[in-house]
Amino acid sequence: MTKIDKQLDHIYHRSRIDAQITGMIVLVGIMAILSLTVGPKFAPFKIGAKLLQPQRYVWVEMEQEWVTENTLVNTGTFPPIENKGAVDIREVYPQVVSLVLFISVMAISGFVYKCARRQTRLMNQIYADDPDRPYYRPWSEIRITFWALNFALLFVMLLMFFL
């Protein structure tokens, strides 16, 4: 392998690692925006949430809480008379949607992590026999970036589900 080939291979693998870090940052950003905009629709732990069907909640001012629409209809108090303004109804996605979203985002995160580990190994193998390496960053340093991004992603996902 010539010196130019080594440099090109090294640059290629280094750019892939940078792209994977950028991709994780974008994934965290997208999930943060999603949690701020439509996060209240993902409430799998809310009382009355169903596994396969969406649930509608109504804001009851007298009790200062969200109550399921079915409960109010069954008790004959729908729409709540004591509400001063318009009836505020919120529909929450089924629990399975939240579960699929969580598993898929964590699977994407794990896949990118494994790909970055492989790219780092390939990048560092190119100049493994050369004592004067142009750029050497071990996986132990790169993985800290991914761990921080994964913790941020996990925080954003839990924030989405518990707000």
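One can find the structure itself at the top, above this paragraph.
Residues numbered from 1 in each chain as written. Predicted model: local features only at pLDDT ≥ 70, side-chain atom pairs only at ≥ 80, totals over all residues. Heavy atoms only, no water.

> Run through a nonpolar patch on the surface, naming residues and quoting values.
A cluster of nonpolar side chains, Phe45, Trp147, Phe151, Leu154, Leu158 and Phe162, forms an exposed patch at the surface whose accessible area comes to about 660 Å². Inspection of the secondary structure puts Trp147 in helix α4 (residues 139-162). (Patch = residues over 30% accessible without salt bridge, like charges linked within 9 Å, V, L, I, M, F, W, Y side chains within 5 Å. Areas by Shrake-Rupley, 256 points an atom, 1.4 Å probe, with all protein chains shown as cover. Salt bridge = Lys/Arg side-chain N within 4 Å of Asp/Glu carboxyl O. Helix = DSSP H or I, 4+ residues; strand = E, 2+ residues; numbered from the N terminus.)

> Go over the sheet that holds strand β2 (residues 65-68) with me, naming the residues and quoting the values.
Judged by pairing direction, the sheet is antiparallel, and its three strands sit side by side in the order β2-β1-β3 without closing on themselves. Looking at strand neighbours, the two that pair on one side only are β2 and β3 (89-92), the edges of this open sheet. For this sheet, the mean inter-axis angle between neighbouring strands, taken without regard to orientation, is 35°. Pairing of strand β1 (residues 55-60) with β2 involves four bridges; the strand directions are antiparallel. Residue Val58 lies in a different strand from β2, and its bridge partner there is Val67. (Pairing = 2+ DSSP bridges. Axes fitted to C-alpha atoms, helices over the stretch in contact; angles between N-to-C directions.)

> Please give an account of the environment of Gly85 that cites residues and values.
With respect to the helices and strands, the residue Gly85 is situated in the loop between α2 (69-75) and β3. A relative accessible area of 47% means that Gly85 is categorised as partly exposed. It is 9.4 Å that separates the C-alpha atoms of Gly85 and Glu61, two residues lying 24 residues apart in sequence. (Buried < 20%, exposed > 50% of the residue type's maximum accessible area, 1.4 Å probe, protein only.)

> Before we move on, can you summarise α4 with the specific residues and values?
Here α4 contains 24 residues, and its C-alpha end-to-end distance of 34 Å stays within 8% of the 34 Å for a straight helix at 1.5 Å per residue. Of the residues making up α4, those classed as buried are Trp139, Ile142, Phe146, Leu149, Asn150, Leu153, Val156, Met157, Met160 and Phe161. On its buried side, α4 packs onto α1 (3-37) and α3 (95-126). (Expected span 1.5 Å × (residues − 1). Contact = heavy atoms within 4.5 Å.)

> Which residues make up the packing of aromatic side chains, and what values go with them?
With the rule as written, the count across this model stands at eight aromatic pairs. Three or more aromatic residues joined by ring pairs make a cluster, and in this case those are Phe42, Tyr93, Phe102 and Phe161. Over the ring of Tyr57 we find Lys46, and its NZ or CZ is 4.9 Å from the ring centre. (Phe/Tyr/Trp six-rings, centres within 6.5 Å; stacked < 30°, edge-to-face > 60°. Lys NZ or Arg CZ within 6 Å of the ring centre and 35° of its normal.)

> Requested: an account of unusual backbone geometry, with residues and values cited.
Here Gln64, not a glycine, exhibits a phi torsion of approximately 55°, which is positive. Position of Gln64 relative to the elements: it lies in the loop between β1 and β2. According to the relative accessible area criterion, Gln64 is exposed, its value standing at 52%.

> Hey, could you go over the pattern of salt bridges for me, with residue numbers and the actual values?
By the definition in use, this model includes two salt bridges. Taking the shortest distance from any N to any O, the salt bridge between Glu69 and Arg56 comes out at 2.9 Å. Of this pair, Glu69 sits in helix α2 while Arg56 sits in strand β1, placing them 13 residues apart in sequence. A relative accessible area of 33% means that Arg56 is categorised as partly exposed. For the salt bridge of Glu141 with Arg137, the shortest nitrogen-to-oxygen distance reads 4.0 Å. Judged by relative accessible area, Glu141 falls into the partly exposed class, the value being 43%. Look at Arg137 and you get partly exposed, because its relative accessible area is 22%.

> Provide a residue-level description of the side chain of Gln20, including the pertinent values.
Here Gln20 shows up in helix α1. Apart from residues lying up to four places away in sequence, Gln20 is in contact with Val112, Cys115, Ala116, Gln119 and Phe146.

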